[in-house]
Amino acid sequence: MAALQTAATLGFTRVGLDSARAAEPDAVDNAPAIVVGSGYGAAVAALRLGQAGIRTLVLEMGRLWNTPGSDGKVFCSTSAPDQRSMWFRTRTEAPLASFLWLDVVNRDISRYPGVLDRVHFADMSVFVGRGVGGGSLVNGGMAVTPLRSYFAEQFPTVDAAEMYGTYFPRARAMLGVNNVDPAWFEATDWYRFTRVSRKHAQNAGLRTTFVPSVYDFGYMQREAAGTAAKSALAGEVIYGNNQGKRSLDKTYLSSALGTGNVTIHTLEKVRAISRAADGTYVLTADRIDVTGNVVETKQYGCTYLFLGGGSLGTSELLVRARETGTLPALDARVGAGWGTNGNVMLGRANHLWDTVGANQSTMPVMGIDDWANTANPVFAEIAPLPTGLEHWVSLYLAITKNPQRAAFTYDRAAGTVKLGWSAAQSAVSVGMAKKLFDRINAANATMYRYDLFGGSNKVFADDFTYHPLGGCVLGQATDDHGRVKGYPRLYVTDGSLVPGSIGVNPFVTITALAERTMARVLAEDTAP
Ligand code: FAE
């Protein structure tokens, strides 16, 4: 595999001005194809374009995470976060805000393009990854294929047989999905917390299931044996893993660069898209430095434009383009159909004899699967809380079948988008999570933890999501293959295609749908 590196505008044509003035903002760099973002959908697009021999430029607003800091590590630790942790913040904003009601989790940091962002809207905040690899840099690695019946419910016009026969297997193979060795899982201290939660779920008559991961379990076993540097077993996850995780920079993006046709520009944020008279697309991008200052505004032109900025990034770009009139023919459903995948985080307090262990792997490997309960469908990931001390907490990220959806609207004064999600819509997810965990508490004579999500005795963290989905839903704002309605050769390949809910952790679905889009687009749209 090729070493991951960024390059100058190698191989692209710069037109509009003579070379002496080439750094002026009104110069245009032309590439046959441009991909916005470098998360799952974007990485699939970049690789498949590169393999098809199409020169492709990837524009990513975050940095490339390949250079060790003064501590010798690329990513900072979760227990002592520094500037590398969060995107231009002066204090970290971890999902778990407190412990015993104490503000002991978050730290003051200096402003820097760190790897995790928390984007705030009125009643919902959204965690996203920033950097080459997008969410793959910060996520829990759970690589779950959705239930076929629910996939078919959410995507009635997509051929499920083709998805489950071709694109899901392709996505899993490319992402490097693997499974924990069940014998090791049963024996190791590092998953005691999971076994305790499994027992409590079973006591309530509930089913649990192993979930695959993109974290290399062979590597994790060597961490446990003391023969490899610890990462998942050293509390690393939301601010990046220094080892073990097959993030996109090690899979799709590395292969994309290996084609020789793909170039990645980092710290460049696309802010506007328009269409030239000849039907090509023109992008305006701000290049920032590590203090966040815009040091250059660039213009790019391309024939094929692939949007992979994630549900928030793509929705913002397209809503802005429609409302400011640069792409006025965009469908009215651009910006609509957004949901949280029903996310709710919560903790339970265990009895003193039910120790969860001071040692906890950060990579979840099991879920409580009650999706088949049509009265209250929930899939709850058994999440780690690695503090290095016994704390008797069982933590969960519940994915509920919340049917609520919201839309992005354009805030003309701020030049950005608003999200119309309300607290009442979150309450629907809470109601469903509560039904399931009330059952578990009743069966085990346990109670909720009140101290983990801020000072107000909040039990259910319903004000953030890890799984933003929708905003440019497949078959609504786009055709059935992600082609944006009204604009030829403009495509969406990311989580904004998924209609607000998929019932499990979403990146395998996003990757598989992007594979499907690219197979169709390369066969039909790029022929000479
Ligand atoms: P995404 O991965 O978000 O990539 C978008 C990229 O585009 C980012 O790198 C942005 O910086 C960049 N970008 C955005 N706007 C612009 C712009 N205007 N110009 C240039 N660049 C731009 O998109 N999912 C799972 O399946 N399993 C898990 O275990 C899991 N755990 C998670 C844990 C955490 C803490 C978080 C935050 C998420 C987790 N997720 C998990 C969700 C998963 O990471 C997410 O669904 C995918 O990353 C979404 O993929 P996209 O391709 O949509």
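Residues numbered from 1 in each chain as written. Predicted model: local features only at pLDDT ≥ 70, side-chain atom pairs only at ≥ 80, totals over all residues. Heavy atoms only, no water.

1. Things to note about the overall build of the protein
Thought 1: When you go through the protein residue by residue, the secondary structure sums to 10 helices and 20 strands.
Thought 2: Computed over its C-alpha atoms, the radius of gyration of the protein comes to 22 Å, within 12% of the 24 Å expected for a compact globule of 528 residues.
Thought 3: Expressed along its principal axes, the backbone C-alpha trace of the protein runs to roughly 75 × 50 × 45 Å.
Thought 4: Here the protein holds 528 residues, and the buried ones make up 59% of them.
Thought 5: Long-range contacts, defined here as pairs at least 24 residues apart, represent 72% of the contacts in the protein between residues at least 6 apart.
Thought 6: Of the roughly 19,100 Å² of accessible surface on the protein, 53% is carried by carbon and sulfur atoms.
Thought 7: Across the protein, the 49 positively charged side chains and the 46 negatively charged ones have centroids separated by 2 Å. (Helix = DSSP H or I, 4+ residues; strand = E, 2+ residues; numbered from the N terminus. Rg over C-alpha atoms; globule rule 2.2 N^0.38 Å. Buried < 20%, exposed > 50% of the residue type's maximum accessible area, 1.4 Å probe, protein only. Contact = heavy atoms within 4.5 Å. Areas by Shrake-Rupley, 256 points an atom, 1.4 Å probe, with all protein chains shown as cover. Lys, Arg positive; Asp, Glu negative; His and termini not counted. Charge placed at Lys NZ, Arg CZ, Asp CG, Glu CD.)

2. Some words on the domain arrangement of the protein
Thought 1: Examined at the domain level, the protein breaks down into domain 1 (2-64 + 247-338 + 469-524) and domain 2 (176-241 + 340-461).
Thought 2: Just the C-alpha atoms count here: the centres of domain 1 and domain 2 sit 32 Å apart.
Thought 3: Taken residue by residue, the interface counts 23 residues in domain 1 and 20 residues in domain 2.
Thought 4: Interface area, domain 1 with domain 2, both sides summed: about 1,800 Å², of which 59% is carbon and sulfur.
Thought 5: In terms of surface lost to domain 2, no three residues of domain 1 exceed Trp-338, Gly-503 and Asn-505, which account for 32% of the buried area on that side.
Thought 6: Linking domain 1 with domain 2 are 0 salt bridges.
Thought 7: At the surface where domain 1 touches domain 2, the tally comes to 12 residue pairs in polar contact (both at pLDDT 80 or more).
Thought 8: Considering each element in turn, the side of domain 1 that touches domain 2 owes the most residues, 7 residues, to helix H8 (residues 310-323). (Domains from an automatic or database assignment. Buried area = accessible area lost by both parts, 1.4 Å probe. Salt bridge = Lys/Arg side-chain N within 4 Å of Asp/Glu carboxyl O. Polar contact = N/O pair within 3.5 Å; in protein donor to acceptor, adjacent residues only side chain to side chain.)

3. Some remarks on the site of the ligand
Thought 1: The local shell around the ligand holds 37 residues, among which Glu-60, Gly-135, Met-142, Gly-495 and Phe-507 are the closest.
Thought 2: One of the backbone N or O atoms of Gly-495 is found 2.8 Å from an oxygen atom in the ligand.
Thought 3: Take Pro-506: an N or O atom from its main chain is 3.2 Å from an oxygen atom of the ligand.
Thought 4: Taking 1,000 Å² as the accessible area of the ligand by itself, protein coverage stands at 95%.
Thought 5: Listed by contribution, the elements that provide at least two residues to the shell around the ligand are helix H1 (40-51), strand E5 (125-129), strand E8 (268-275), H8 and helix H10 (507-524).
Thought 6: Classifying every residue of the shell around the ligand by side-chain character gives 14 nonpolar, 18 polar and 5 charged. (Near = heavy atom within 4 Å. Nonpolar A, V, L, I, M, F, W, Y, C, P; charged D, E, K, R; others polar.)

4. A look at helix H9 (residues 423-444)
Within an α-helix, residues lying three or four positions from one another point in the same direction, as the helix has 3.6 residues per turn.
Thought 1: When the terminal C-alpha atoms of H9 are compared, their 30 Å separation across 22 residues agrees well with the 32 Å that a helix rising 1.5 Å per residue should span.
Thought 2: Three or more residues of H9 are buried, namely Gln-425, Ser-426, Ser-429, Val-430, Met-432, Ala-433, Leu-436, Phe-437, Ile-440, Asn-441 and Asn-444.
Thought 3: Ala-445 lies just past H9 and shows a positive phi near 50°. (Expected span 1.5 Å × (residues − 1).)

5. Examining empty space enclosed by the protein
Thought 1: Scanning the entire structure with this criterion turns up 2 cavities of 30 Å³ or more.
Thought 2: Along the walls of the second largest cavity sit Phe-193, Ser-197, Val-356, Gln-360, Ile-382, Ala-383, Pro-384, Leu-385, Val-393, Ser-394 and Leu-395, which together make up its complete lining.
Thought 3: Secondary structure elements with two or more residues in the lining of the second largest cavity: helix H5 (192-203), strand E13 (378-383) and strand E14 (393-400).
Thought 4: A per-element tally of the lining of the second largest cavity places E14 first, with 3 residues.
Thought 5: The class makeup of the residues in the lining of the second largest cavity is 8 nonpolar, 3 polar and no charged. (1 Å grid on protein atoms, 1.4 Å probe; cavity = no way out; pocket = protein on both sides within 12 Å on 5 of 7 lines; lining within 4 Å. Points joined across faces, edges and corners; volume = space filled by probe spheres on them.)

6. Details of unusual backbone geometry
Thought 1: Even without being glycine, Trp-101 reaches a positive phi, approximately 65°.
Thought 2: With respect to the secondary-structure elements, Trp-101 resides in the loop between strand E3 (56-59) and strand E4 (116-120).
Thought 3: Positive phi, normally seen in glycine, also occurs at Trp-392, with a value near 60°.
Thought 4: Looking at where Trp-392 falls in the secondary structure, it is placed in the loop between E13 and E14.

7. Notes on the packing of aromatic side chains
Thought 1: Under the criterion given, the structure shown has 21 aromatic pairs.
Thought 2: Note on Tyr-396 and Phe-437: the rings are 4.4 Å apart at their centroids and 50° apart in plane angle, and the pair reads as tilted. Of this pair, Tyr-396 sits in strand E14 while Phe-437 is found in helix H9, placing the two residues 41 residues apart along the sequence.
Thought 3: An aromatic cluster is built from Trp-184, Phe-185, Tyr-191, Phe-193 and Phe-210, whose rings are joined through pairwise contacts.
Thought 4: The aromatic ring of Trp-65 is capped on one face by Arg-63, whose charged end is 4.0 Å from the ring centroid.
Thought 5: It is Arg-130 that lies over the ring of Trp-87; its NZ or CZ is 5.7 Å from the centre. (Phe/Tyr/Trp six-rings, centres within 6.5 Å; stacked < 30°, edge-to-face > 60°. Lys NZ or Arg CZ within 6 Å of the ring centre and 35° of its normal.)

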